[in-house]
Amino acid sequence: MALDAAACDAVLVTRSEHGLTLVPRGMPALHLPARVHEVSDVSGAGDTFVAALATALACDRDLEKATRLANIAAGISVSRPGTAVVGARDLAEELRRRNVIASDEKIMVREAALQRIGEWRRHGLSIGFTNGCFDLIHPGHVHLLARARAACDRLVVALNTDASVRRYKGPERPIQSEAARATVMSSLASVDLVVLFAEDTPLSLIEAIRPDILVKGADYRPDQVIGADIVRRNGGKLLLVDLLASHGTTATIARVRERTRAAE
């Protein structure tokens, strides 16, 4: 009704410490919280928001992106005393900081992961799932994950815990701890959520998540993929991704050890 009364395509409402709400015509409302660690002075926050929004819209017509950027600029402004100027470098540093935090927030325990996936589903997003040790990330992994992410809206990666890897690969693996592997995995843009599993297979996770797309490398036959029958039974699909030649963690480790021995 407000859109019709104002004869516009979107209404943007700032709500002080509660953030802001963007209501575009024909689309769900977007609620953004005010993300400020400590308020120093609210003077000029509105002007900063409007200026950043206008500048972002002049560079990119995507209203949601412009709104998110303006919200960040306003947050920087109120964290400083007086009518502070927010420059491009300030925004770049804040975006880098938020990317680091966002990577950490991708790593979740099972219960939190299921809750996040449920939220995605309520928004009509399709869920992809793949799993593995991902001990030393190499181009083959990046290729598989990129193909997996292209086939879904959100990609969940299940990582074997260290104990699970040892049972599967032997006592000398993994090379990297589960914390290190999860951190590296969560930093990839193609990955939306990382969850660890201690069992020998991710079957119980697949049963709980019921992904729309289950992704594995094409070195597996369809009948060898754990959980494929569950996914298909729930209307999902199996995607087997062709592997890149000459890339593999086991082969990489063997080459490193061979070169180390040759150098001794």
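Further up the page is the structure itself.
Just so it is clear, the structure is predicted and the values come from calculations on it, not from any experiment. As a convention, each chain's residues are numbered from 1 in the sequence order in which they are written. The model is predicted, so local features are restricted to residues of pLDDT at least 70 and side-chain atom pairs to those at 80 or more, both for listing and for counting; the totals for chains, interfaces and linings are taken over all residues. Side-chain metrics rest on all non-hydrogen atoms present in the structure, leaving aside hydrogens and water.

Observations concerning the overall build of the protein
Where we set the bar: Where helices and strands are cited, they refer to DSSP runs of H or I of at least four residues and of E of at least two residues respectively, numbered from the N terminus. Throughout, exposure labels follow a simple rule: accessible area from a 1.4 Å probe, protein chains only, divided by the maximum for the residue type, with under 20% read as buried, over 50% as exposed, and the rest as partly exposed. We call two residues in contact whenever any of their non-hydrogen atoms come within 4.5 Å of each other. With residues, only the protein chains shown are counted as cover, and all accessible areas are computed by Shrake-Rupley using a 1.4 Å probe.
If you tally the helices and strands in the protein, you get eleven helices and eight strands. Within the protein, buried positions represent 37% of all 264 residues. Long-range pairs, those at least 24 residues apart, make up 64% of the contacts in the protein with a sequence separation of at least 6. Surface summary for the protein: the accessible area is close to 15300 Å², and the carbon and sulfur share equals 55%.

As for the packing of aromatic side chains
Put simply, the test is: In this scheme Phe, Tyr and Trp rings, the latter by its six-membered ring, pair at centre separations within 6.5 Å, and the angle between planes marks the pair as stacked below 30 degrees, edge-to-face above 60, and tilted otherwise. Put simply, a charge is over a ring when the Lys NZ or the Arg CZ is close to the ring centre, within 6 Å, and near the line of the ring normal, within 35 degrees.
A complete count under the given rule lists zero aromatic pairs for this structure. The positively charged end of Arg-154 is found above the aromatic ring belonging to Trp-120, 5.8 Å away from the centroid.

A short note on the sheet that holds strand 5 (residues 154–160)
Here is the rule: In this scheme, strands are said to pair when DSSP sees at least two bridges between them. All axes are obtained by fitting lines to C-alpha atoms, using only the stretch in contact for helices, and the reported angles, taken between N-to-C directions, cover 0 to 180 degrees.
Taken in spatial order, the five strands of this open sheet run 6-5-4-7-8, and their pairing is parallel. Edge positions in the sheet fall to strand 6 (193–197) and strand 8 (237–241), since each of these pairs with one other strand and no more. Each strand of the sheet is rotated relative to its neighbour by a mean of 25 degrees, with strand direction disregarded. For strand 4 (residues 127–132) and strand 5, the ladder comprises six bridges, and the chain directions are parallel. Residue pairing in the sheet places Thr-130 in a bridge with Val-157 of strand 5. Contacts from helix 5 (residues 110–122) reach strand 4, strand 5 and strand 6 within the one sheet, and its direction differs from that of strand 6 by about 145 degrees.

Topic: the pattern of salt bridges
Pairing between side chains of opposite charge can happen when the charged atoms of each approach one another. Applicable threshold: In what follows, salt bridge is the name for a side-chain nitrogen of Lys or Arg lying within 4 Å of a carboxyl oxygen of Asp or Glu.
Inspection of every chain in the model, using the stated rule, returns eight salt bridges. Notably, a salt bridge pairs Asp-212 with Arg-121, separated by 3.5 Å at the nearest N-O pair. Of the two residues, Asp-212 sits in the loop between helix 9 (203–209) and strand 7 (213–217) while Arg-121 sits in helix 5, which places them 91 residues apart along the sequence. On the basis of relative accessible area, Arg-121 is assigned to the partly exposed category, the value being 27%. Asp-192 is the partner of Arg-149 in a salt bridge, and the nearest nitrogen-oxygen pair spans 2.7 Å. A residue pair is termed long-range when its members are at least 10 positions apart, and Arg-149 in helix 6 (residues 139–150) and Asp-192 in the loop between helix 8 (178–186) and strand 6 qualify at 43 residues. The class for Arg-149 is partly exposed, based on a relative accessible area of 23%. Taking the relative accessible area as the measure of exposure, Asp-192 reaches 15% and is therefore buried.

Some remarks on the environment of Gly-124
Summarising the element assignment, Gly-124 is placed in the loop between helix 5 and strand 4. What makes Gly-124 exposed here is its relative accessible area of 60%. Between the alpha carbons of Gly-124 and Asp-153 there is a distance of 9.2 Å; along the sequence they are 29 residues apart.

With respect to the side chain of His-141
So the rule is basically this: Polar contacts here mean pairs of N or O atoms no more than 3.5 Å apart (in protein, one a potential hydrogen donor and the other a potential acceptor; neighbouring residues in sequence count only if both atoms are side-chain atoms).
Summarising the element assignment, His-141 is placed in helix 6. Using a relative accessible area of 13% as the deciding quantity, one classes His-141 as buried. Within the structure, the side chain of His-141 is placed 3.4 Å from the backbone oxygen of Leu-136, a separation counted as a polar contact.

A look at the pairing of strand 5
Regular strands place side chains that alternate from one sheet face to the opposite one. Quick note on the threshold: Seen with its strands pointing away from the viewer, a crossover is right-handed if its path from the first strand over the helix to the second goes clockwise.
Judged by how many residues are buried, strand 5 sits mostly within the fold: six of seven residues are covered. Note that the unit made of strand 4, helix 6 and strand 5 has a crossover that is right-handed.

Observations regarding the environment of Asp-219
Position of Asp-219 relative to the elements: it lies in the loop between strand 7 and helix 10 (228–233). Sequence separation of Asp-219 and Leu-240 is 21 residues, and the distance between their C-alpha atoms is 8.2 Å.

What to know about the sheet that holds strand 2 (residues 20–24)
Pairing is antiparallel across the open sheet formed by three strands, whose spatial order is 1-2-3. Every other strand in the sheet has two partners, leaving strand 1 (10–14) and strand 3 (30–32) as the edge strands with one partner each. With strand direction ignored, the average angle separating the axes of adjacent strands in the sheet is 10 degrees. With three bridges connecting them, strand 2 and strand 3 associate as antiparallel partners. Paired with Leu-22 across the strands is Leu-30, a residue of strand 3.

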